Amino acid sequence: MDLRVAAVRAAGSFGLLVSMAGAAGAQSIVATRPNLQPVDGPVSTTLNGTTIVNEGLQGVGRLSASTRDFLGDTLGSFSSLAVDLASWRRIGGTYTGTLFTLPDRGYNNPDGGLFSDYAGRLNRFRLTFTPEPGATLPQSTASQRQITLTPDGGLVLTDALGRRFSGLDPAAGTTTQLGALLPSATTGPSAGRISLDAEGLARRLDGSFYVSDEYGANIYSFNANGQLQGVLGVPEALRPRTGGQLNFNSINPPETGRRNNQGFEALSLTPDGRSLVTILQSAPLQDSTTSQQTRANTRILIYDIAANPVPTAPAREYVLQLPVYRDNGNGQAPNRTAAQSEMIALNDTQFLVLARDSNGLGTGNTTPIVYKSVLLVDIAGATNIAGSAFDTTTTSIAPGGTLRADIRPVQTSEAVNLLNPVQLGRFGMNLNTNPATQTTLSEKFEAMGLVPVLSERAPNDYFLLVGNDNDFLTRQGSINGQSYDAGINNDSVLLAYRLTLPTYVDPLSLAVMKRTAPVVLQGLGGTTLSYAASTTGGVQDHLSALRRGAGTATPWGQSWGLWLGGDVVFADQSHNGGLSLDRTIARGTVGLDLPFSGPWRGGVALGGGGGSLSRPGGYGQDHSAYSFSAYGGYYGSDFYAQAIAGGVPEVSLDRLRRPSAYGLTATGRTQGSALALDGEVGVPLQIDRVRLTPFAGITHLAGRVDGFTETGAAGNNVAYQGLTLRQTTARFGAEAAFTGFGALIPSVRAAYNVAMGPQGATAAVRLASVENPLASAAVTVPFLRDDFVTAGAGLQGALSEQLGWRVDYQAAIGLRSGTAHGVTAGLRYQW
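What you are looking at is a predicted structure, and each value in this text was computed from that prediction instead of being measured. (Residues numbered from 1 in each chain as written. Predicted model: local features only at pLDDT ≥ 70, side-chain atom pairs only at ≥ 80, totals over all residues. Heavy atoms only, no water.)

Trainee: Outline the layout of surface pockets, supporting the account with residue identities and numerical values.
Mentor: A probe matching the size of a water molecule, rolled over the atoms, marks out where space remains unfilled. Roughly 1,300 Å³ of internal volume is contained in the largest pocket. Forming the walls of the largest pocket are 40 residues, and the residues nearest its centre are Pro110, Asn261, Gln262, Glu443 and Lys444. The residue inventory of the lining of the largest pocket, partitioned by class, reads 9 nonpolar, 14 polar and 17 charged. By volume, the second largest pocket is sized at about 650 Å³. Among the secondary structure elements, those contributing two or more residues to the lining of the second largest pocket are strand 5 (80-91), strand 11 (198-203), strand 17 (264-269), strand 23 (340-345), strand 27 (445-452) and helix 2 (507-549). Sorting elements by how many residues they give to the lining of the second largest pocket places strand 5 first, with 7 residues. Grouping the amino acids of the lining of the second largest pocket by side-chain chemistry returns 22 nonpolar, 5 polar and 7 charged. (1 Å grid on protein atoms, 1.4 Å probe; cavity = no way out; pocket = protein on both sides within 12 Å on 5 of 7 lines; lining within 4 Å. Points joined across faces, edges and corners; volume = space filled by probe spheres on them. Nonpolar A, V, L, I, M, F, W, Y, C, P; charged D, E, K, R; others polar. Helix = DSSP H or I, 4+ residues; strand = E, 2+ residues; numbered from the N terminus.)

Trainee: Explain the sheet that holds strand 23 to me, and be specific about the residues and the numbers.
Mentor: With respect to topology, 4 strands assemble into an open sheet ordered 23-24-25-26, the strand pairing being antiparallel. Because the sheet does not close on itself, it has two edges, and the strands there are strand 23 and strand 26 (411-417). Sheet twist, expressed as the average angle between the axes of neighbouring strands with direction ignored, equals 25°. Alignment of strand 23 against strand 24 (residues 350-356), held across 5 bridges, turns out to be antiparallel. In the sheet register, Glu342 faces strand 24, and the bridge partner there is Leu354. (Pairing = 2+ DSSP bridges. Axes fitted to C-alpha atoms, helices over the stretch in contact; angles between N-to-C directions.)

Trainee: So what about the pairing of strand 18 (residues 275-280)? Which residues, and what values?
Mentor: For strand 18, the buried fraction is high: 6 of the 6 residues fall into the buried class. Bridge analysis of strand 17 against strand 18 gives 5 bridges, and the strand direction is antiparallel. In the sheet register, Leu269 faces strand 18, and the bridge partner there is Leu276. Linking two consecutive strands that pair antiparallel, namely strand 17 and strand 18, is a turn of 5 residues; a positive phi of about 75° is found at Gly273 within it. As judged from the 5 bridges shared by strand 18 and strand 19 (residues 297-304), these two strands associate in the antiparallel manner. Bridging across to strand 19, Leu276 finds its partner in Tyr303. (Buried < 20%, exposed > 50% of the residue type's maximum accessible area, 1.4 Å probe, protein only.)

Trainee: Hey, could you go over the packing of aromatic side chains for me, with residue numbers and the actual values?
Mentor: Scanning the model with the defined rule gives 18 aromatic pairs in all. When the centroid spacing of 6.4 Å and the interplanar angle of 85° are considered together, the rings of Phe78 and Phe125 count as edge-to-face. Residue Phe78 is located in the loop between strand 4 (50-63) and strand 5, and its partner Phe125 is located in strand 7 (residues 121-129); the two are separated by 47 residues in the primary sequence. The exposure classification of Phe78 matches that of Phe125, with both residues buried. An aromatic cluster is built from Trp88, Tyr95, Phe129 and Phe463, whose rings are joined through pairwise contacts. Just above the ring of Tyr635 sits the side chain of Arg601; from NZ or CZ to the centre is 4.9 Å. For Arg749, the ring lying beneath its charged end belongs to Phe695, and the centroid distance is 4.0 Å. (Phe/Tyr/Trp six-rings, centres within 6.5 Å; stacked < 30°, edge-to-face > 60°. Lys NZ or Arg CZ within 6 Å of the ring centre and 35° of its normal.)

Trainee: Go over the environment of Phe783 with me, naming the residues and quoting the values.
Mentor: Along the polypeptide, Phe783 turns up in the loop between strand 45 (776-782) and strand 46 (788-798). In this structure the C-alpha to C-alpha distance between Phe783 and Gln759, which are 24 residues apart in sequence, comes to 5.8 Å.

Trainee: Please give an account of helix 2 that cites residues and values.
Mentor: In this model helix 2 runs 62 Å from its N-terminal to its C-terminal C-alpha over 43 residues, within 8% of the 63 Å that 1.5 Å per residue would give. For helix 2, the principal kink sits at Ser534 and spans about 35°. Within helix 2, 39 of the 43 residues are buried, which leaves it mostly tucked inside the rest of the structure. Of the residues flanking the start of helix 2, the one acting as N-cap is Asp506, its side-chain oxygen 3.2 Å from the backbone nitrogen of Leu508. (Expected span 1.5 Å × (residues − 1). Bend = angle between axes of the 7 residues up to and from the residue. Polar contact = N/O pair within 3.5 Å; in protein donor to acceptor, adjacent residues only side chain to side chain.)

Trainee: An account of empty space enclosed by the protein is needed here, citing residue identities and associated values.
Mentor: All told, the structure shown has 8 cavities of 30 Å³ or more when counted by the stated rule. Here the largest cavity defines a volume of roughly 910 Å³. The wall of the largest cavity is formed by 47 residues, among which Gly537, Gln540, Asp541, Thr790 and Gln810 lie closest to the centre. Estimates place the volume of the second largest cavity at around 120 Å³. Ser534, Thr589, Gly607, Gly608 and Ser627 are, among the 17 residues lining the second largest cavity, the residues nearest its centre.

Trainee: Describe the side chain of Thr278, listing the residues and the values that go with them.
Mentor: Within the element layout of this structure, Thr278 appears in strand 18. From its side chain, Thr278 meets the backbone oxygen of Ala266 in a polar contact 2.7 Å long. Residue contacts for Thr278: discarding those within four places in its chain leaves Ile219, Phe264, Ala266, Leu267, Arg299, Ile300, Leu301, Tyr303 and Met343. (Contact = heavy atoms within 4.5 Å.)

Trainee: Report on the sheet that holds strand 17, specifying residues and quantitative values.
Mentor: Backbone-to-backbone hydrogen bonds pair the strands of a sheet. The strands run either parallel or antiparallel. Ordered in space as 17-18-19-20, the 4 strands form an open sheet in which the pairing is antiparallel. Strands at the two margins of the open sheet, each flanked by one partner only, are strand 17 and strand 20 (316-321). On average, each strand axis in the sheet is inclined to that of its neighbour by 20°, with strand direction left out of account.

Trainee: An account of the pairing of strand 13 (residues 218-222) is requested, with residue identities and associated values reported.
Mentor: Note on strand geometry: in a regular strand, side chains alternate between the two faces of the sheet. Burial runs high along strand 13: 5 of the 5 residues are buried. Covered by surrounding structure in strand 13 are Asn218, Tyr220 and Phe222 together with Ile219 and Ser221, the residues of both alternating faces. As paired elements, strand 12 (residues 209-213) and strand 13 share 5 bridges and run antiparallel to each other. Bridge assignment links Ser212 to a residue of strand 13, and that residue is Ile219. Counted along the chain from strand 12 to the antiparallel partner strand 13, the turn is 4 residues long. Hairpin connection of strand 13 to strand 14 (residues 228-231): 5 residues between the antiparallel strands, including Gly226 at a positive phi of 90°.

Trainee: Report on the nonpolar core, specifying residues and quantitative values.
Mentor: Met513, Leu521, Leu524, Tyr720, Leu723, Val765 and Leu767 are the most contacted members of the largest nonpolar core, which has 39 residues in total. The greatest single-element share of this core, amounting to 11 residues, is contributed by helix 2. Excluding residues that lie within four positions of it along the chain, Leu521 makes contacts with Tyr720, Leu723, Ala763, Val765, Val779, Val781 and Phe783. Of all hydrophobic cores here, the second largest spans 34 residues; its members include Leu137, Tyr462, Leu464 and Leu501. (Core = buried A, V, L, I, M, F, W, Y, C linked by side-chain atoms within 4.5 Å.)

Trainee: How would you summarise the confidence of the model for the chain if you had to cite specific residues and measurements?
Mentor: On average, the chain scores 92 in pLDDT, and the residues at 70 or more come to 94%. Per-residue pLDDT stays below 50 along residues 1-15; that stretch engages in 37 contacts with residues further than four places along the chain or on separate chains. In the model, residues 17-25 has pLDDT below 50 throughout and makes 22 contacts with residues more than four positions away in sequence or in other chains. (pLDDT = per-residue confidence, 0-100.)

Trainee: Mind laying out a nonpolar patch on the surface, listing which residues take part and the relevant values?
Mentor: A surface patch of nonpolar side chains, about 1,000 Å² in accessible area, is lined by Trp560, Leu562, Leu564, Val590, Leu606, Phe628, Leu799, Leu827, Tyr829 and Trp831. Listed by contribution, the elements that provide at least two residues to the nonpolar patch are strand 32 (561-570) and strand 48 (818-830). Note that Phe628 resides in strand 35 (residues 619-635). (Patch = residues over 30% accessible without salt bridge, like charges linked within 9 Å, V, L, I, M, F, W, Y side chains within 5 Å. Areas by Shrake-Rupley, 256 points an atom, 1.4 Å probe, with all protein chains shown as cover. Salt bridge = Lys/Arg side-chain N within 4 Å of Asp/Glu carboxyl O.)

Set out below in structure tokens:
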């Protein structure tokens, strides 16, 4: 077994046990003593066949509690965070990127009725991270140096009317925007504005984002400029009601719905961007009792946002049983719930969920830290309660705090234990609370993010960033120009763990794969079809020269003949499906005309060639192939009919290059094969010195590109499962050859080419290293997108009675796909 996966699966989780609670299969993690994990090495967990490996703490970053944000207020860390994945880069052993962080409602003390008129915002930082896994550093704030955060502006959130939000408690105040009844400040300059206690952030790749709120509980949709676009619908079971009326205050508890300050704490988009997942921080009031350990049965809501970014109700809803613990860690029965504070969707069924106690730096007490862990959560097999009576206020999922026997909760397993004194000690931190120091682990870790390690050897490895919410606690605070002293300095801290996540689908890698894989396949397919066409195209050019020269020039007779042909094709748009690219193919053909009696003619030919392809953005390929052809037909003075069959046993497709995510370039190689069939009939008409030949023809091309897997792009490498190609065109046109110039015969030719049959193909692709169906996609690959016109001119003549020559130019003009050009030349020697 891999040493990283083996070993220490149960090592060091002292004070941790699993107890069965209520329904069959239901379970809660129970920690009666501090759940410490004194392990200096990898730890793994397995759930439903998925094994996650925690490689351990790799680095820590720290910002002083006195730091100010872009609006001049005390920086509030990190209720949630999101890395702009498009900015993430690795240069040697250092990583850089842009980090967005979400503060909550400003400095406050609800027990004392103190709230801030704090404007909702996102803070932006330039992040630099140099992992130091073997660190042995002193207990000092200077030891948390591996991550640096440099303030870089931010974004102010505004409502649908362009006004700022407020952190003030709404009391009984409400306002209506975008068809939703929302909490509203009732005092001060912000009276009438939406009250926001922001806790969860889910950022799309296009810069738009969602924010979850504890006052509501609500979920808001914002555009990339930070303006409110819509409000998602929330089940009535979760909305706070007193006396049957909505009341969003955070001081007096409601009768039903979310608990005070226990709203939608976690928010995440699934990697494909089609679903939005949120979790209530702990159970709503009707699903628990007044005892704190009975609020463990919380809810996961999953919204389908593929067609509508602000749906009115969740499509799926599940029960998550949170860990319970003993607040003082003395081994007695649990009396608290480790409420969840953040989540990340690994795919569409598995999540990382951060659950924690309320002990640590920032509390002002000496109670030991008991439980702070990241759980692996799997909804497979869990009961979907969305739209049922449990979404009303009349039916509880957990009467008295015990989950109903007919509801199966999601499954959980501990993936990352933050309470590792050995690893924290390496980076100058500790778990001491009696007394706590500036390097003691903070009370409220509430933010998580994943960024790739970008290692070709470990493509499934990611850094898990875990950030604290320091509650604006500083001795030198300022909100809206008003100074305050919180009596303690609680710095902003960011921890970085390295995890092996085989089922995580990286959102940027998935999006880039879906955008770029069709271009790669289109280039490969276009090349293969172009070589297929060359098996008949070179022979067509030769046979056309024979027809034009029949009876006028000795080298173009019907006896034995050896001929050579060559052509250079640029772009070849008719096979690319209109893809804008620079393709060059140089090919050569050698053929032998066989003597037949009368008007019959036939022969065989061999060909080969190579070239390259490039496209702006970093796409490219080199290619080469050899081919064979056989041809024959009837060539009478007033009618001809010919047929050509060709094959390409192997198309070598080398040095494939694709722009991947995170500034990487994926490379690969594969091969293909192809067949071609062509038939043409025509009626030559001699009009004075012009031989006019109307004709009609059909070409069928078939090819196959073998599957292959890229290298060089770590977790972004794509596995292609092969591509089957079919392309059929019918042509109708005419050729005019001009005689009377001795051995010289000028000609012009034009045809309208009609697309027939399939105009594209479908191929399966997937992120090569990921073990999850969400990492796969069926992509459409267009080839012959529309009809096109071919037009050309040629000139042929004789160097001697036995040796003839020809030169031709032809353009393929797509009705919507651009123009391709080709130049051909040939010699024929007969005896």
